[in-house]
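# Structural overview
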Amino acid sequence: MNIYTELVQKQRTFFLQGKTKEVSFRLKNLEKLRDLIRSNEQELMEALKADLNKSEFDSYLTEIGIVLEELRFTIKNLKKWAKPRKVKTSLATIGSKSYIYPEPYGVALVISPWNYPFQLAIAPLIGAMAAGNCTILKPSELTPRTSAILAKIISENFPEEYMAVVEGDVEVSTALLKERLDYIFFTGSVSVGKVIMNAAAKNLTPITLELGGKSPCIVHKDANLKYAAKRIVWGKFINAGQTCVAPDYLFVHSQIKQPFLEELKKAIQELYGETIIQSGHFTRIVSERHFNRLVAFLDNGKKIVGGSYSVEALSIEPTILDQINWDDEIMGEEIFGPILPVLEYDDLNLMMNEIKDRPKPLALYLFSENQEVQKTILNDISFGGGCINDTVYHLSSPYLPFGGVGESGIGSYHGKGSFDVFSHEKSILKQTTRFDLPFRYPNTKNALKYVKMFLK
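As annotated in an unreviewed UniProt entry, the protein chain is Aldehyde dehydrogenase from Cytobacillus citreus. UniProt, in the comment section headed Sequence similarities (unreviewed entry), describes the protein chain in these words: "Belongs to the aldehyde dehydrogenase family."

Per the UniProt record, "domain: Aldehyde dehydrogenase" (unreviewed entry) is annotated on residues 20-428. Within the segment residues 20-428, helix and strand shares are 42% and 20% respectively, and the terminal C-alpha atoms sit 21 Å apart.

The positions UniProt marks with the feature "active site" (unreviewed entry) are E210. Take E210: it is sitting in strand 7 (residues 207-210). Accessibility expressed as a relative area gives 2% for E210, which makes it buried. E210 has contacts with F185, F186, T187, G188, F402, G403, G404, S408, G411, S412 and Y413, leaving out every residue within four places of it along the chain.

Relative to the helices and strands, G18 is located in the loop between helix 1 (3-16) and helix 2 (23-39). Residue classification places G18 among the partly exposed positions, given a relative accessible area of 22%.

As a further point, take the sheet that holds strand 2 (residues 97-104). Strand order in the open sheet formed by three strands is 1-2-20, with antiparallel pairing between adjacent strands. Single-partner strands in this sheet number two, and they are strand 1 (85-87) and strand 20 (423-430). The sheet shows a mean angle of 30° between the axes of neighbouring strands, taken without regard to direction.

A few words now on the sheet that holds strand 10 (residues 302-305). By way of backbone hydrogen bonds, the strands of a sheet pair with one another, either parallel or antiparallel. Taken together, the seven strands give an open sheet; going across it, the order is 10-13-14-9-8-15-16, and neighbouring strands pair in mixed fashion. The two strands at the open ends of the sheet, each matched to only one other strand, are strand 10 and strand 16 (385-388). Strand after strand, the sheet turns through a mean of 25° between neighbouring axes, direction not considered. Most of the contacts of helix 9 (residues 225-237) go to strand 14 (residues 339-345), to which it runs at about 140°, and overall it touches strand 8 (216-219), strand 9 (249-253), strand 13 (319-322), strand 14 and strand 15 (363-367).

Looking now at the pattern of salt bridges. Going through the model one piece at a time under the given rule, you end up with 16 salt bridges. Taking the shortest distance from any N to any O, the salt bridge between K54 and E63 comes out at 2.5 Å. Owing to a relative accessible area of 2%, K54 belongs among the buried residues under this scheme. The salt bridge involving K266 is made with E263; its shortest N-O contact spans 3.9 Å. Placement of both K266 and E263 in helix 10 (residues 257-272) is noted, with a separation of three residues, approximately one turn of the helix. Three or more residues are tied together by salt bridges with common partners; here these are K257, D322 and E344.

The rules behind the values
- Residues numbered from 1 in each chain as written.
- Predicted model: local features only at pLDDT ≥ 70, side-chain atom pairs only at ≥ 80, totals over all residues.
- Heavy atoms only, no water.
- UniProt positions renumbered as here; feature names shortened; annotations may be inferred.
- Helix = DSSP H or I, 4+ residues; strand = E, 2+ residues; numbered from the N terminus.
- Buried < 20%, exposed > 50% of the residue type's maximum accessible area, 1.4 Å probe, protein only.
- Contact = heavy atoms within 4.5 Å.
- Pairing = 2+ DSSP bridges.
- Axes fitted to C-alpha atoms, helices over the stretch in contact; angles between N-to-C directions.
- Salt bridge = Lys/Arg side-chain N within 4 Å of Asp/Glu carboxyl O.

Take a look at the structure:
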């Protein structure tokens, strides 16, 4: 028996004891996790700085703070979520009562990525804990300091039969996926998502896939250009563009393109200053391989802003590329870096068709004051989620489940969505014994007549 089989069996044995189903147990451990995050805040910030050169501001805003808010919301609402819900009873089942019982799956595997190595590990873990599962967390090997802190916090404070962190590379993930698990939650690339789905299919294990893709950002001719520029620059270049829901490319109406490009320049200077790389505060690219891939894109189109980079620091300036078309290499895949290509359009329908001709994006952003334009975009284009007159900010609300569609993902989480995704909803009908309905039985006279009265 290998170590992973042993770990899964140990967790399944503990799960079957029923302790994790107790709401008091779940709340106690969620509160414990919250306190541990607070007490290890500085150490977490240092790890994120070491792995990705994240500033304390970015580390708290996009990693620690958002997780603490998720914990606060979950702890506040868990008792209500975990209760069986009474639902309506149909006329055909008169006399009975109907309920939905949320129950945990069992042993869940969470595989998290490197771009937000703390947030995207802990946020799904919160959902798994809240729903009453045992969990194995596999963090990314590309952010080793943060992974080590996660392992330390979990291993020193929670028994491994309830919660465990397994560090390692792709071989470790592959080995874990061979085990008989009850749920798999993966955040990462489309290509690896396909591997995860194939592995899950062998045991018919339910999965959530949080993937990515090329998320468009549309700037219509009636947009507030100043606010649009600032919010796009913020959403695109936070974490050096290494965000699954970052605007991947701009579609700008030709009538306002030039003044909008000027606003983009001003916004970049306002948010990041003149010496972005030299300052040492900008998040770095995670690896040399990823850095080299991004640098190759800088030859596409015409540079409007930025373009400088440092091989030693693995850092690339926020860059805007104009004169881009769909044949350019940068438009062939998700960029996942601080480079923003600009396309222009005149006809709204033709522009929408270009988006719809490609895989469904994880996010879409529209800047427009026109209600009809907003309605048209929202009704006609399928995408995971997004914003009107903002970018990325929809992730901050625990009331908005987050997830993709098609190639951008399967399933959604955040807030109650995190509880739901790690719960099976068990449907129960409680029948009365005070009387019986004879028409349900085939030997009743005129049974079909009565069945048709109720079922039509």
